[in-house]
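# Notes for the structure review
Chain residues, written in single-letter form:
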Amino acid sequence: MAVLDVQNLHVFYGQIHALHGVSLSVDKDEIVTLIGANGAGKTTTLGAISGVLPVAEGEVSLDGQPLGKIMPHDLVKMGIVQVPEGRRIFGRLTVEENLGMGAFVRKDKDGIVESRERVLEMFPVLKERMGQVAGTLSGGEQQMLAMARGLMSRPRVLLLDEPSMGLAPMLVEQVFGAVQQVRDQGVPVLLVEQNAFMALQIADRGYVMETGEISLQGSNRELLENEDVKRAYLG
Amino acid sequence: MAAALPSEGMAARIEALRRITFVDVVLWGMRILIVFVVVGGTIGTLIQGRYTGEQWFDNFMFGLMIGGVYALIALGYTMVYGILRLINFAHGDVMMCGAFTSYFLANGLYRSGYLDAHPVISMILIMGLAMITCSVIALVVERICYRPFRHIRTLAPLICAIGASFFLQHSFRGMYGSSVRAYPDPVWLEGEFEIFGFGIPYTQPFVILIALAAMGALYLVVNKTKMGTAMRAVSEDRDAAAMMGIDVNKIIVFTFILGGCMAGIGGVLFCMVYNQIYYFTGFLPGIKAFSAAVLGGIGNVPGAMLGGFFLGVVESVGPALFLDGVGIRAPYQLRDLIAFTMLVMVLIFRPQGILGERLATQRA
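Source: prediction; values computed, not measured.

With that out of the way, let us pick up the overall build of chain A. When its secondary structure is counted, chain A shows 9 helices and 10 strands. Compactness check: chain A gives a C-alpha radius of gyration of 17 Å against a globular reference of 18 Å for 235 residues, within 12% of the reference. Once the C-alpha set of chain A is aligned to its principal axes, its extents read approximately 45 × 40 × 35 Å. Scored against the burial criterion, the 235 residues of chain A give a buried share of 48%. Residue pairs in contact within chain A that sit at least 24 positions apart in sequence constitute 69% of those at least 6 positions apart.

Below, the discussion takes up helix 3 (residues 95-102) of chain A. Counting buried residues in helix 3 of chain A gives 7 out of 8 residues, a clear majority hidden from the surface. Among all positions in helix 3 of chain A, only A:Val95, A:Glu97, A:Asn98, A:Leu99, A:Gly100, A:Met101 and A:Gly102 are buried. Close packing links the buried residues of helix 3 of chain A with helix 4 (109-122) and helix 5 (139-151) of chain A together with helix 9 (226-236) of chain B.

All names here are of chain A. With antiparallel pairing, the 4 strands of this open sheet are ordered in space as 2-1-4-5. Of all the strands in the sheet, the pair left with one neighbour each is strand 2 (16-26) and strand 5 (65-66). Two elements, strand 1 (residues 4-13) and strand 2, share 8 bridges in a ladder whose sense is antiparallel. If you follow Leu 9 over to strand 2, its bridge partner there is Val 22.

Right, let's talk about unusual backbone geometry for a bit. All names here are of chain A. In this structure, Asp 29 is a non-glycine residue whose phi angle is positive, near 60°. Secondary-structure assignment places Asp 29 in the loop between strand 2 and strand 3 (31-36). By the C-beta count within 10 Å, which is 13 here, Asp 29 ends up partly exposed. The backbone of Arg 154 sits at a positive phi, close to 55°, despite the residue not being glycine. Within the secondary structure, Arg 154 is located in the loop between helix 5 and strand 7 (157-161). C-beta crowding within 10 Å serves as the criterion here: with 19 such atoms nearby, Arg 154 is assigned to the partly exposed category.

We now examine the pairing of strand 3 of chain A. Residue and element names in this part refer to chain A. Counting buried residues in strand 3 gives 6 out of 6 residues, a clear majority hidden from the surface. On strand 3, burial covers both faces: Ile 31, Thr 33 and Ile 35 on one face and Val 32, Leu 34 and Gly 36 on the other are all buried. Pairing of strand 3 with strand 8 (residues 189-193) involves 5 bridges; the strand directions are parallel. By the bridge assignment for strand 8, Ile 31 is matched with Val 189. Taken together, the 5 bridges between strand 3 and strand 9 (residues 205-210) define a ladder with parallel strand orientation. Bridging across to strand 9, Ile 35 finds its partner in Val 208.

A few words on the interface of chain A and chain B. Chain A puts 20 residues into the contact, and the matching count from chain B is 14 residues. Within the side of chain A that touches chain B, the residues separate by chemical class into 8 nonpolar, 7 polar and 5 charged.

This next bit is on the packing of helix 4 (residues 91-111) of chain B against helix 12 (residues 283-296) of chain B. Residue and element names in this part refer to chain B. Viewed as axis vectors pointing N to C, helix 4 and helix 12 meet at an angle of 135°, and their least axial separation amounts to 8 Å. On the basis of the axis angle, helix 4 is oblique to helix 12. For helix 4 against helix 12, the interelement crossing comes out right-handed. Each of His 91, Gly 92, Asp 93 and Met 95 in helix 4 lies in contact with helix 12, whose residues at this interface are Phe 283, Pro 285, Gly 286, Ile 287 and Ala 289. Split by residue class, the contact of helix 4 with helix 12 holds 5 nonpolar, 3 polar and 1 charged.

Procedures and definitions
- Residues numbered from 1 in each chain as written.
- Chains lettered and ligands numbered in written order.
- Predicted model: local features only at pLDDT ≥ 70, side-chain atom pairs only at ≥ 80, totals over all residues.
- Helix = DSSP H or I, 4+ residues; strand = E, 2+ residues; numbered from the N terminus.
- Rg over C-alpha atoms; globule rule 2.2 N^0.38 Å.
- Buried ≥ 20, exposed ≤ 12 C-beta atoms within 10 Å, placed from the backbone.
- Contact = placed C-beta atoms within 7 Å.
- Pairing = 2+ DSSP bridges.
- Nonpolar A, V, L, I, M, F, W, Y, C, P; charged D, E, K, R; others polar.
- Axes fitted to C-alpha atoms, helices over the stretch in contact; angles between N-to-C directions.
- Parallel < 35°, antiparallel > 145°, perpendicular 65-115°, else oblique.
- Left-handed = near helix turned anticlockwise from the far one by under 90°.

Geometric descriptors of this kind do not, in isolation, establish any biological role.
Right, dumping it as structure tokens:
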């Protein structure tokens, strides 16, 4: 059974029909990427899954449990966490406080300490910066912090929106390495990316979105070798 | 023909002159006037030497005391602004409600002699009642006047705030009448003690120490607790905070309770300084605390504390120091004028306030 299962999702922005029945699933131990051009509806899909946007029709289920209408902060408790586009870390809080906010919904003090040790093992750069105000971190470090903060709630699935945005190529590689580590730690990832080539390199499966619909899906190999994908996204 | 045209340097100079607008001239005029009043007044006053060191010290201590009260109230404005980007204009009247309600308890304790006999327990009860009242009323105002407009960008919540302010004033007027009542004056606050030859009334250290203790506690809550950290997170990026699982409504409620507690303490202290309470008591300290919050940089917690003390001291020392020297008679009548001139000046010349945050660099 898929960890995250999305069936026939429809979303409207006022009169505009933004998502026309998007279906996708994320299984245990995999990175699934959602690629497509600007405005294809990738971020909208994530927003609908994480409860930030109202869903007109369709269903999101987690471990087979349909979620229905739930406030975003309750979804975090259930195990769906989104790392937003542009990182959105709390720049005036310290790195440590940012991580603490990631664990806001949890009450188990020992568990939180343990989770923090685990994410710091995953992102050792953050370890030396615990007391530092997060706004002073570099772009790559901020992305690491955003992911670490997301993981602090011990999610069932991590939604990552454009983690490579605005980063130098070397940092992109680092960030993507970290994404693979997240999967290896047992947290499946739904990865939305403009950088289709990089995303397909690390993903297990992928979906291609076009104007609010899934136009193509397959394993990373199939998509990397697909002529249409090559022409449109890989150049 | 060429000779008739102004040279290039000339043209540039004319262009530069043309860019100086009438408003610039007025603003510079204001700057010069203020510098004249402050510097000229100070020199004039010092030359005349009409005030003794004792009087200066008295003024300064009174300023610190009333500044502590302003700071407590200002914290409510600044925290709510930080979270909601809204000026809670009803805050001064929320303070009045708490102080007025506590008056009945204080009066009863005073008449029975309990207030004089057991100062600590009495003050805890009186302030506790004021804090609870202020918090409850602040929450009701938030629920009715602000929450419905949370996602609408209009002036409506601001207008609602002003409406709530009038509503609170006039409902207390309706309940308890418009006469000024004497707030109890416990016997243990009478008299003064001496330090370095200066007499200090007991009220001053009493008010200043309680204000500092309350602010210290608030500072710890905001900076060291999970809810306080979440408050700062929400004030920085409400949507990202919600994505992390923070229930934004809960944080807003928490913020109003904290602000209400500070207003409750501030209200009781304010009434103990002036020994009176009536339905309009909240207005002036409310507006002054708002000025203090803007002065310190609205949205900034240490700024509100600093701004409160600064405003208190300047409006207390200012009349004698600045106004007397430029030949104004009865300068103490103009205390409030100094406070509000400072508000206007800060808004014009340094809208981000002393600690330089927000307003100027606000996120869209």
